[in-house]
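Chain and residue survey
Listed below are the residues making up each chain.
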Amino acid sequence: MKITIIGSGNMGGAIARGLAQSSKFKASDITCTAHSEDTLTKMRMANPDFILSHNNVESVQGRDIVIIAVKPWKVETIINEIKPVLDYNKQIIVSVAAGITFEQLNTFLAKETNSKKMVHPAIFRAIPNTAIEICSSMTFVSAYNSSQEQTDVILNIFNELGNTLLIEERLMTAGTALASCGIAFAFRYIRAAIEGGVELGFYPKQAQEIVAYTVKGAVDLLLKNKSNPEVEIDKVTTPGGITIKGLNEMELSGFTSAIIKGLKACK
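Residues numbered from 1 in each chain as written. Predicted model: local features only at pLDDT ≥ 70, side-chain atom pairs only at ≥ 80, totals over all residues. Heavy atoms only, no water.

It is worth spelling out the overall build of the chain at this point. A count of helices and strands for the chain gives 11 helices and 10 strands. A principal-axis box enclosing the C-alpha atoms of the chain has dimensions of 75 × 40 × 30 Å. Relative to its 267 residues, the chain shows a buried fraction of 36%. Charge-centre separation for the chain: the mean point of 27 positive side chains lies 1 Å from the mean point of 26 negative side chains. (Helix = DSSP H or I, 4+ residues; strand = E, 2+ residues; numbered from the N terminus. Buried < 20%, exposed > 50% of the residue type's maximum accessible area, 1.4 Å probe, protein only. Lys, Arg positive; Asp, Glu negative; His and termini not counted. Charge placed at Lys NZ, Arg CZ, Asp CG, Glu CD.)

Have a look at this one:
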């Protein structure tokens, strides 16, 4: 398959770099476009085999999948630019622009045939997080006007880049809060724990290594055991021990409620 990513900034570039590491694509199968020459230079440095271009119209022709990874306010302009050359019988359109709904995308992409019939493509919305660059993203996908075969193609692609969940569009905003914003929230906990480690006497690099591997271990336990977090917490929380004292102090400071409030503020 050949794929074009329109907009190779932070997210589009991360998707391209992740795909180039997957088993389904070579870098030479991936066309990356950008308005900025600096952005294309970064992509060239990441992998010289990427096909790089400033021309969106040329870049989408003959491709199997077109990923639109520009800022939300640019989506309509980009679609109007490329729509005349898109082949809806052969191409799948994927938007990773947060907040742009299927209703909007369907309106932007609708075009009239010679027989005055309105046609629409298969459309997917995908919300990855930045860990897609290292093939470790939690990605949410919603489908519209697509066949099961097309849905399977998109899910298989994003499963190469981490874990993918097919959801209803109404859950996209919640998914963004949990996974896309959530990765920043996880980093904020890590940063806070590193600062605490320094206060406890470790050098910053030592504290970062300790915290990073501790978080990784916690995640690995959940994924391998498929257990509830409280089960794993109970294993290290002995009566009168230091763990329960630390947990209780965090809760007194609003740890859980702060996280829930932060997630709800993202909607």
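We now examine the packing of aromatic side chains. Per the stated rule, a full pass over the model turns up 1 aromatic pair. For the pair F102 and Y144, a centre-to-centre distance of 5.3 Å together with 25 degrees between the ring planes defines the contact as stacked. Of this pair, F102 sits in helix α5 (residues 102–109) while Y144 sits in strand β9 (residues 137–144), and the two are 42 residues apart along the sequence. F102 gets classed as buried once you look at its relative accessible area, which sits at 5%. In this structure, K111 packs its charged tip against the face of Y88, placed 4.6 Å from the ring centre. (Phe/Tyr/Trp six-rings, centres within 6.5 Å; stacked < 30°, edge-to-face > 60°. Lys NZ or Arg CZ within 6 Å of the ring centre and 35° of its normal.)

With that out of the way, let us pick up the pattern of salt bridges. Inspection of the entire model under this criterion finds 8 salt bridges. A single network of salt bridges, built from pairs that share partners, joins K2, K26 and D29. (Salt bridge = Lys/Arg side-chain N within 4 Å of Asp/Glu carboxyl O.)

This part covers the nonpolar core. Grouped together as the largest cluster of nonpolar side chains are 27 residues, with contacts concentrated most on L19, I30, I67 and V94. Those elements that place two or more of their residues in this core are β1 (3–6), α1 (10–21), β2 (30–33), β4 (65–68), β5 (92–95), β8 (122–127) and α6 (148–159). Not counting residues within four places of it along the chain, the set of residues in contact with I30 comprises I3, I5, A16, L19, A20, F25, F50 and I51. (Core = buried A, V, L, I, M, F, W, Y, C linked by side-chain atoms within 4.5 Å. Contact = heavy atoms within 4.5 Å.)

Mapped onto the secondary structure, T176 falls in helix α7 (residues 172–200). With residues up to four places along the chain from it excluded, the contact list for T176 reads I127, C181 and G182.

Pairing geometry for β9 and strand β10 (residues 162–166), over 5 bridges, is parallel. The residue bridging V141 from the neighbouring strand is L166, located in β10. Considered for its hand, the β-α-β crossover made up of β9, α6 and β10 is right-handed. (Pairing = 2+ DSSP bridges. Right-handed = clockwise from strand over helix to strand, strands pointing away.)

Our focus in this paragraph is the environment of T33. Looking at the element boundaries, T33 is found in strand β2. Between the C-alpha atoms of T33 and I260, which are 227 residues apart in sequence, the distance is 38 Å. Contact partners of T33, with chain neighbours within four places excluded, come to T4, I5, I6, G7, S8, L40, S53, N55, N56 and S59.

As paired strands, β8 and β9 are joined by 5 bridges and run antiparallel to one another. Counterpart to I123 in the pairing with β9 is Y144.

Now for the sheet that holds β1. Sheet strands pair via backbone hydrogen bonds, and the direction of the pair is either parallel or antiparallel. The strand order β3-β2-β1-β4-β5-β8-β9-β10 describes an open sheet built from 8 strands, whose pairing is mixed. A single partner strand is all that each edge strand has here, and the edge strands are β3 (51–53) and β10. Averaged over all neighbouring strand pairs, the angle between strand axes comes to 20 degrees, with direction disregarded. Pairing geometry for β5 and β8, over 4 bridges, is parallel. Note on β8: the bridge partner recorded for V94 is F124. The strands that α6 touches are β4, β5, β8, β9 and β10; relative to β10, the one it contacts most, it runs at about 150 degrees. Running over the sheet, α7 touches β8 and β9 and is turned about 170 degrees from β9. (Axes fitted to C-alpha atoms, helices over the stretch in contact; angles between N-to-C directions.)

Along the chain, S53 turns up in strand β3. In this structure the side chain of S53 is engaged in a polar contact, spanning 2.8 Å, whose partner is the backbone nitrogen of N55. Leave out the neighbours within four places in its chain, and S53 touches C32, T33, A34, L40 and S59. (Polar contact = N/O pair within 3.5 Å; in protein donor to acceptor, adjacent residues only side chain to side chain.)

Here we take up the confidence of the model for the chain. Averaged over every residue, the pLDDT of the chain is 94; residues scoring 70 or more account for 100%. Here strand β6 (residues 111–112) is the element of the chain with the lowest mean pLDDT, 86, and β4 is the one with the highest, 98. (pLDDT = per-residue confidence, 0-100.)

Turning next to the packing of α7 against helix α11 (residues 255–265). The contact between α7 and α11 brings their axes to 10 Å, and the two run at 140 degrees. In terms of orientation, α7 and α11 fall into the oblique class. In terms of crossing hand, the pair formed by α7 and α11 is right-handed. Residues A177, L178, F185 and Y189 of α7 touch α11, and the partners they reach there are F255, G262 and L263. Residue composition of the contact of α7 with α11, by class: 6 nonpolar, 1 polar and no charged. (Parallel < 35°, antiparallel > 145°, perpendicular 65-115°, else oblique. Left-handed = near helix turned anticlockwise from the far one by under 90°. Nonpolar A, V, L, I, M, F, W, Y, C, P; charged D, E, K, R; others polar.)

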